[in-house]
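Observations on chain architecture
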Amino acid sequence: MVWKAHEVVFRLRSPLHIGWSKVGNLLRTRPYVTGRVLWGALTMRLTRDEAGKKGLAAGPDEYEQLGKKVHRCLAFSYFYPALQWGSDDAYKVAWPWEEESTFCYRFLSSYQATALSYPAQSADEGMLREAEFISPYTLDTAEAVFLKGYVFEKEGECTLDWQSALSRLQLGGERGYGWGDVRFVRSMEITNGRLFDGQVEYVNDSARPIIRLHEGARLPAHVLAENAPVAGNVEPLVGREWRSNNSHNRYVGQHVELSGVCFTPGSTLLTECNFEIKELGIWKAIDN
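Below is a short write-up of the structure. (Residues numbered from 1 in each chain as written. Predicted model: local features only at pLDDT ≥ 70, side-chain atom pairs only at ≥ 80, totals over all residues. Heavy atoms only, no water.)

Quick look at the overall build of the protein chain
Scanning the protein chain for helices and strands turns up four helices and 22 strands. If you line up the protein chain on its principal axes, its C-alpha atoms span 65 × 50 × 40 Å. For the protein chain, buried positions account for 45% of its 288 residues. For the protein chain, the proportion of contacts with a sequence separation of at least 24, taken over those separated by at least 6, is 71%. Of the accessible surface of the protein chain, which amounts to about 14800 Å², a share of 48% is contributed by carbon and sulfur atoms. Of the side chains in the protein chain, 32 bear a positive and 36 a negative charge, and the two mean positions are spaced by 4 Å. (Helix = DSSP H or I, 4+ residues; strand = E, 2+ residues; numbered from the N terminus. Buried < 20%, exposed > 50% of the residue type's maximum accessible area, 1.4 Å probe, protein only. Contact = heavy atoms within 4.5 Å. Areas by Shrake-Rupley, 256 points an atom, 1.4 Å probe, with all protein chains shown as cover. Lys, Arg positive; Asp, Glu negative; His and termini not counted. Charge placed at Lys NZ, Arg CZ, Asp CG, Glu CD.)

Some points on unusual backbone geometry
Even without being a glycine, phenylalanine 196 presents a positive backbone phi close to 50°. Position of phenylalanine 196 among the secondary structure elements: in the loop between strand S13 (194–195) and strand S14 (200–202). Residue classification places phenylalanine 196 among the buried positions, given a relative accessible area of 4%. Phi is positive for aspartate 197, close to 55°, though the residue is something other than glycine. Turning to its location among the elements, aspartate 197 is positioned in the loop between S13 and S14. Residue classification places aspartate 197 among the exposed positions, given a relative accessible area of 52%.

Digging into the nonpolar core
Counting residues in hydrophobic clusters, the biggest one holds 74 residues, and the most contacted among them are Leu74 and Phe152. The biggest single contributor to this core is strand S1 (residues 3–12), with six residues. (Core = buried A, V, L, I, M, F, W, Y, C linked by side-chain atoms within 4.5 Å.)

In short, the description is geometric, and any link to function would need to be established separately.
Quick look at the structure:
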């Protein structure tokens, strides 16, 4: 087999904000962790670990090179909130599109803050903001919230110590306030090809991991809209990156990268189809 699939579980230890959109002064969160977020967090951790071994601070070139290596050696699913189910070693995903209002009520909350104008001893005008987040505990029953997803490792080529790095990750936005703290719970190799409790079939044996979904299934990741037999909402999928070699917009977060126009997670598959997991966990429909 070319790729090994590992089921990875984190426990959420603090609020988690995955940037999505802004409505008024509300910064909305996605109800899942995208592949871009996990790739960025893992790249940052691995790069700093490598630089720390040499007693140096990592520069932009080191981040870029390590990020490309992560793309070559690893692939990611999206990660979804999950709760312990039946036993201490079983975790059931809470899909955001199944009873959407119930999911929002149980898992999403928000926090308000503002900058202060110290001379006036008051809130700074126009600086009120509200950040939505995935709560580390369910809001109705106070159950611990976990994140469940999959990491695919290229067999015989990956030399990255990624499993060790998983225990020292911080995900998403607002990290300066302590948000996005996760505790690594486990990594378990999947040998039966069944992902997300059998809702996704892992085909494997290709240049990139191959996933099969059956007719009527809901997409658990963004899918490039071109030639995809899918019904649902579409959005341009963009993210901010550090491109120090650019002549313009070369500093942290200034470069905006378009990954493509995609069907959003939760869209419905119209006919059985195979998908290739591309960089950043984005799927592309391929011939069966």
